[in-house]
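Here is how the chains run, residue by residue.
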Amino acid sequence: MSLAAPTMTAGRTGPDRGTRIGVGFVLLLPALLALAWSYLLPTVQAVWRSTQRDQLLGPAEGVGSANYEQLFTRGFLGDLGSALLLALVPLLLALLVAPVLALLADRAGRPARLALRALVVLPVAGYAPVALLIGWRLDRMEPGTMLDRPLATLVEFTAVTGAGLVVAVATTAFLSTLRGRPHRRDALPAALTVAGLLMLGIIALTLQTFTPTLITGNSRTPMTYVVLQSLQQMNLGGGSAAAVMLLLPLALLGLAATALLLLTRVRIEVVDEAVTHREQPQGAVSKSAPVTESTGDRQARIGLAVAGAVVVAVMLWAAWPWLRRSLRFTNETVPMPSPDLSGMLTATWLPTLLSAVVTVAVAAAAGFAIGGLRPLGRFSELLLLPFAPWLFVGTGPLAIESYLRARDFDQLNTFLGLVPPGWVSIPALFLFTVLFRGLEPRWRAGAGFGRAMLAPAAPMILLVGLVTWLVTAAQVLWPFVVASTPMYRPAPLEALMVYARWGMRGDELALGAVLPLPMMLIFLVAFGWLQVKYLDRLAVRVGR
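A quick note: this is a predicted structure, and the numbers were derived from the prediction, not measured. (Residues numbered from 1 in each chain as written. Predicted model: local features only at pLDDT ≥ 70, side-chain atom pairs only at ≥ 80, totals over all residues. Heavy atoms only, no water.)

Draft legend 1. Structural detail: helix α18 (residues 449-474). With 26 residues, α18 should reach 38 Å at 1.5 Å per residue; the first-to-last C-alpha distance of 36 Å fits that figure. Maximum bend of α18: about 30 degrees, positioned at alanine 458, with proline proline 459 one to four residues after it. (Helix = DSSP H or I, 4+ residues; strand = E, 2+ residues; numbered from the N terminus. Expected span 1.5 Å × (residues − 1). Bend = angle between axes of the 7 residues up to and from the residue.)

Next comes the structure, spelled out in structure tokens:
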């Protein structure tokens, strides 16, 4: 049985060229408008504001390059270099640990592979960086450590918050490069492409680190400087200059990732569940071959069991300070008024749910337009280029411009103000493009739209939506900017504020509100089902 997408020799079925072009650009239009509103316009405004002396309240005046000169004098480029050190541990996990786990699981057979997939669901469903960091700070660090070694502490905190998620995402990606291969060595080009994308993405994310700095008090990071300089020092010009300096490497990383996608022609295909590898040459006869293969499989299972036990032990050790506090489901720990628990949970989950639904829906429509309808034929992926500079740009670098927009619309300390400012998820748009690109040949071969496109894509839309919701709800940067009163603070931000106010007395802080157990169980069940029943059938391919 051939598992590759059908090779086309007949004419295309489905919509004609004119319909594909028309419908494709209609579906792409919301994403282009969201790109202009949420990314392009704030970037232009940040560049303009970086040449101004703006004290937030009074009139601004032009100062040319003075803000940039001040940045260089302060050593902002050194801050960027220091931020790169935060990527060392995540890169080690993604490029060394994850591929070894994936290779062992693939060699050990389907039950072991599914067991590993179920295992990596745990750190994703339990993604709660604020709870992890506060618990780690209270139980795992001696007083004064952060002052004695601030950069090392920040590296440690970044590793604690991101290790589980990095291993989960990277392992899933590398497993997909191995699926459906007649020989495992054939996966090398796809694996190298995945490694390159992971490397670029991890570097971009660590450059935008913010949450760990709030606990360590280390302001020598790019994002901290942007926010504190703008809102605490009332120096919008200086903060905007730092934001522009941060946007430049992020844009280069996004363009590099897009070039890698275009050059390698990455796509995601659906493979048969029963596919197996053929490591022996066809026609070879060797009585010892079955024994050798069985021994190799047994060794792979043993290696995977040991590695899995180590991973589980490390995850439990890192998360235990949070887990032992997770059942105390209140924040009434200090003799001061605290926000209502139900209101705090509402501020955590509803605005981010609205954001996840809108941003993922817009991204899915655009991804289908580019990868599924292919309005420009073989050059359709070039439509990703307008989005490329902002592929890895999160809320942070444009947070000040978004804050000023929220202020002008009178949305500070409101429900709408808590909705993250981006209206399209650009990473999701790229992912959906790659997915629909791999599904499109089946549709072109004559399979119905529902069977060829909708059914394989719907679980991915659900998965991306849930991950976006969970990760967005765990962030504190945007609420930190727009929610100055306790009544509108989401649970992660309120937990940070309580800890910052009371320090080690926060030992009684109930971290269960940061990621409530019922929500964690919902994510655990959903991600577990999607990993085992859906993601296990996806294969990453490169080339024509």
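Read on, since the account is not over.
Draft legend 2. Just the nonpolar core, in detail. Residues Ile134 and Leu429 are the most contacted members of the largest nonpolar core, which totals 164 residues. Sort the elements by how many residues they give to this core and helix α14 (residues 341-373) lands first, with 14 residues. Non-local contacts of isoleucine 134, meaning those with residues more than four positions away in its chain, are made with Ile215, Ala495, Leu496, Tyr499, Leu509 and Leu511. (Core = buried A, V, L, I, M, F, W, Y, C linked by side-chain atoms within 4.5 Å. Buried < 20%, exposed > 50% of the residue type's maximum accessible area, 1.4 Å probe, protein only. Contact = heavy atoms within 4.5 Å.)

Draft legend 3. Highlighting the packing of helix α6 (residues 129-140) against helix α20 (residues 491-502). Axis separation between α6 and α20 bottoms out at 9 Å; the angle between their running directions is 20 degrees. The angle between α6 and α20 places the two elements in the roughly parallel class. Along this stretch, α6 crosses α20, giving a crossing that reads as left-handed. Only Pro492, Ala495, Leu496 and Tyr499 of α20 make contact with α6, whose side of the interface consists of Val130, Ile134, Arg137 and Leu138. Each residue belonging to the contact of α6 with α20 can be placed in one class, and the counts come to 7 nonpolar, no polar and 1 charged. (Axes fitted to C-alpha atoms, helices over the stretch in contact; angles between N-to-C directions. Parallel < 35°, antiparallel > 145°, perpendicular 65-115°, else oblique. Left-handed = near helix turned anticlockwise from the far one by under 90°. Nonpolar A, V, L, I, M, F, W, Y, C, P; charged D, E, K, R; others polar.)

Draft legend 4. Quick look at a nonpolar patch on the surface. A cluster of nonpolar side chains, namely Leu350, Leu353, Leu354, Val357, Phe415 and Leu416, defines an oily patch on the protein surface of about 500 Å² accessible area. Among the elements of the structure, α14 and α16 (415-418) are those that each provide at least two residues to the nonpolar patch. Element by element, the count of residues in the nonpolar patch is highest for α14, at 4 residues. Along the chain, leucine 350 turns up in helix α14. (Patch = residues over 30% accessible without salt bridge, like charges linked within 9 Å, V, L, I, M, F, W, Y side chains within 5 Å. Areas by Shrake-Rupley, 256 points an atom, 1.4 Å probe, with all protein chains shown as cover. Salt bridge = Lys/Arg side-chain N within 4 Å of Asp/Glu carboxyl O.)

Draft legend 5. Summary view of the pattern of salt bridges. Under the defined criterion, the tally for this structure stands at 18 salt bridges. A salt bridge links arginine 113 to aspartate 536, with the nearest nitrogen and oxygen atoms 2.7 Å apart. Here arginine 113 is found in helix α5 (residues 110-125), whereas its partner aspartate 536 is found in the loop between α21 (517-533) and β4 (538-541), with 423 residues between them in sequence. Relative accessible area serves as the criterion here: at 5%, arginine 113 is assigned to the buried category. Aspartate 536 sits in the buried class, given a relative accessible area of 1%. A salt bridge links arginine 444 to glutamate 440, with the nearest nitrogen and oxygen atoms 3.8 Å apart. Residue arginine 444 and its partner glutamate 440 are located together in helix α17 (residues 426-444), separated by 4 residues, close to a single helical turn. Several salt bridges converge on common partners, so that one network encompasses Arg113, Arg117, Arg179 and Asp536.

Draft legend 6. Looking closely at the packing of aromatic side chains. Overall, the coordinates contain 11 aromatic pairs when judged by the stated rule. Their ring planes at 65 degrees and their centres at 5.5 Å tell us that tryptophan 443 and phenylalanine 449 sit as a pair that is edge-to-face. Under the relative-accessibility criterion, tryptophan 443 is labelled buried at 11%. Ring pairing ties together the aromatic residues Trp349, Trp469, Phe523 and Phe527, which thus form one cluster. Above the face of the tryptophan 37 ring, arginine 405 is positioned so that its terminal group lies 3.6 Å from the ring centre. (Phe/Tyr/Trp six-rings, centres within 6.5 Å; stacked < 30°, edge-to-face > 60°. Lys NZ or Arg CZ within 6 Å of the ring centre and 35° of its normal.)

Draft legend 7. Representation of the packing of α5 against helix α8 (residues 150-178). It is the contact of α5 with α8, at a shortest axis distance of 8 Å, that shows an interaxial angle of 150 degrees. By the angle class used here, α5 and α8 are roughly antiparallel. The handedness of the crossing between α5 and α8 comes out as left-handed. Every residue of α8 that contacts α5 at Arg113, Leu116, Arg117, Val120, Pro123 and Val124 is listed here: Gly164, Leu165, Ala168, Thr171, Thr172, Leu175 and Ser176. Across the contact of α5 with α8, the residue classes break down as 7 nonpolar, 4 polar and 2 charged.

Draft legend 8. Spotlight on helix α3 (residues 76-85). For α3, the set of buried residues is Phe76, Asp79, Leu80 and Ala83. Burial along α3 is one-sided: seen end-on, the buried residues are contained in an arc of 100 degrees. In this structure, the buried side of α3 is in contact with α2 (66-74), α9 (188-207), α11 (222-232) and α12 (236-264). (Arc of directions from axis to C-beta.)

Draft legend 9. Representation of the environment of valine 314 within the structure. Summarising the element assignment, valine 314 is placed in helix α13 (residues 289-323). C-alpha of valine 314 to C-alpha of glycine 164: the two residues are 150 residues apart in sequence and 9.6 Å apart in space.

Draft legend 10. Structural context of the pairing of strand β3 (residues 267-270). Both faces of β3 are covered, namely the face carrying Arg267 and Glu269 and the face carrying Ile268 and Val270. Sheet analysis places β3 next to β4, joined by 4 bridges and oriented antiparallel. Within β4, the residue paired with valine 270 across the bridge is leucine 538. (Pairing = 2+ DSSP bridges.)

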